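Listed below are the residues making up each chain.
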Amino acid sequence: MEIISKVSGALTSLGASVLIPIFIFIICMVFGAKLKKSLMTGLTFGAAYIGLNLVINLMITTVNPMVTALADNLGVKKDILDVGWAVGSAVAYSTKCGVLIILVSLGVNILMLATKTTKTLNVDIWNFWNHAFTASVVYIVTGNLIIGLAAGAVHAAFCLVMADRTAERVQKFYKIPGVSIPQGWVVTSIPIINGVNWVLDRIPIIKDIEWDEKHIQEKWGIFGSPLVLGTTLGLILGCVAGYWKDIPTLLNSAISIGAVMMIIPKFIALFMESLTVVSDAAKKFMDKHFKGREFYVGLDSAILIGHPVTVASAIILIPIVLVVAMILPGNRVLPFGDLASLAYFVALVPCLSKGNLFRSIISGIVIMSIVLLICSSFGASMTTMAVDAGYSLPKGAVDITALSAGNWLTWIFYKIAGIFA
């Protein structure tokens, strides 16, 4: 058990920017690509991943002060503080279940590939923390390591199945070949998005609203370009946050958000370049050894958030989610740490809603309402994990949570575990 724990911990310590390129390199080599091409593909993917995260961090550091100002202006006061996915992932991996979940999730993936119950090879190892959070919550409630790991394994299997079901739409919409998205939280948004679309399709007038990228660019003129749209949204958000009192800060923040919307697609193009090599090598390998069996590379949802509709809806949702947190019955959570990362919560909405900005906003409101209630229901669970891991609670916070951990699948396991504990 100690050896397994050390191996799992070593993999986690590498970080996604190192771990995923290594896996991409290995996959290329296994599929018969030459050493030079495999090395360049892995390094290109790593460079794109680092670049994308730099831009995302720019957006987060720009938006976070706005979030703080908005929360203060709106007077949103709650007793559970959202400390964000970074803390959530670290805490999830800190429990006895958490440190083992990487090997468990990899085992589930290998078993499902061998039994042809999935087409996805999930190389997004870092985001196994979502499975780890499920396992850790169940472990805390039951005190049983095996039951906790079993819950994490089921979460991993669910992610692979949902990734397969959306793979073709993801590849077609984002024009990224041979990939699927098994990221732990994003796949649980799929039933919610489909439910929202089902309802909207049955409402007269509302069902005909089409704010897709083409419509925005044609009807909104210069304001439809990602750079100008992002800058405009940044100006509006900044003014609502009170930045109109500090014009230099307002303009810097607005231009930074506009730059994010323009630059992200450039890094997505690098992902496409490297993944095309993987896809071609995999196809040749499968045609030769497995009679054309289809195969997907499972990646982080970060590769999806470069779409202009995704970024635009995320920015628009920031003040809306704060208002929702203030008025939603039963909510105890103050959104903060993950509020600047709302693009991840709506990453699949454009794909499943034909790139419709209006539907992305509506789906985002429903998604975040559910997330807030789930995190409220978890109560002190994450606080318990954090204290055990040696994490110091923010001053004034009774409990902590992470919005990115608030998925309904984990909540179902949590409730079932509570019944039989």
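Just above, that's the structure.
Residues numbered from 1 in each chain as written. Predicted model: local features only at pLDDT ≥ 70, side-chain atom pairs only at ≥ 80, totals over all residues. Heavy atoms only, no water.

Evaluation of the coordinates by the stated rule reveals two salt bridges. The salt bridge partner of Glu 294 is Lys 119, with a shortest N-O separation of 3.2 Å. One end of the pair, Glu 294, is in the loop between helix H11 (247-289) and strand S4 (296-298); the other, Lys 119, is in the loop between helix H5 (96-114) and strand S2 (120-122), and 175 residues separate them in sequence. Among the residues examined, Glu 294 registers a relative accessible area of 36% and is labelled partly exposed. With its nearest N and O atoms 2.8 Å apart, the salt bridge here joins Asp 201 to Arg 359. In this pair, Asp 201 sits in the loop between helix H8 (190-200) and helix H9 (213-219) while Arg 359 sits in helix H15 (residues 357-378), placing the two residues 158 residues apart along the sequence. For Asp 201, a relative accessible area of 40% translates into the label partly exposed. Owing to a relative accessible area of 7%, Arg 359 belongs among the buried residues under this scheme. (Salt bridge = Lys/Arg side-chain N within 4 Å of Asp/Glu carboxyl O. Helix = DSSP H or I, 4+ residues; strand = E, 2+ residues; numbered from the N terminus. Buried < 20%, exposed > 50% of the residue type's maximum accessible area, 1.4 Å probe, protein only.)

Pairing within the open sheet is parallel, and its three strands lie in the order S5-S1-S6. The sheet is open, and its two edges are formed by strand S5 (333-334) and strand S6 (399-401), each paired on a single side. Here two bridges tie strand S1 (residues 80-82) to S5, and the two strands are oriented parallel to one another. When the bridges of S5 are listed, Ile 80 appears paired with Val 333. (Pairing = 2+ DSSP bridges.)

On to helix H6 (residues 129-142), then. Between its first and last C-alpha, H6 extends 19 Å over 14 residues, near the 20 Å set by a 1.5 Å rise per residue. If you check which residues of H6 are buried, you get Trp 129, Asn 130, His 131, Ala 132, Phe 133, Thr 134, Ala 135, Ser 136, Val 137, Val 138 and Tyr 139. (Expected span 1.5 Å × (residues − 1).)

A full pass over the atoms with the stated rule returns five aromatic pairs. Note on Phe 133 and Phe 378: the rings are 5.9 Å apart at their centroids and 65 degrees apart in plane angle, and the pair reads as edge-to-face. Of this pair, Phe 133 sits in helix H6 while Phe 378 sits in helix H15; the two residues are 245 residues apart in sequence, bridging distant segments of the chain. For Phe 378, a relative accessible area of 3% puts it in the buried group. Ring centres 5.1 Å apart and planes at 65 degrees place the aromatic pair Trp 185 and Phe 345 in the edge-to-face group. (Phe/Tyr/Trp six-rings, centres within 6.5 Å; stacked < 30°, edge-to-face > 60°.)

With respect to the helices and strands, the residue Ala 241 is situated in the loop between helix H10 (226-240) and H11. Taking C-alpha positions, Ala 241 is 5.4 Å from Ala 69, a pair spaced 172 residues apart along the chain. Not counting residues up to four positions away in its chain, the partners in contact with Ala 241 are Met 66, Ala 69, Leu 70 and Asn 73. (Contact = heavy atoms within 4.5 Å.)

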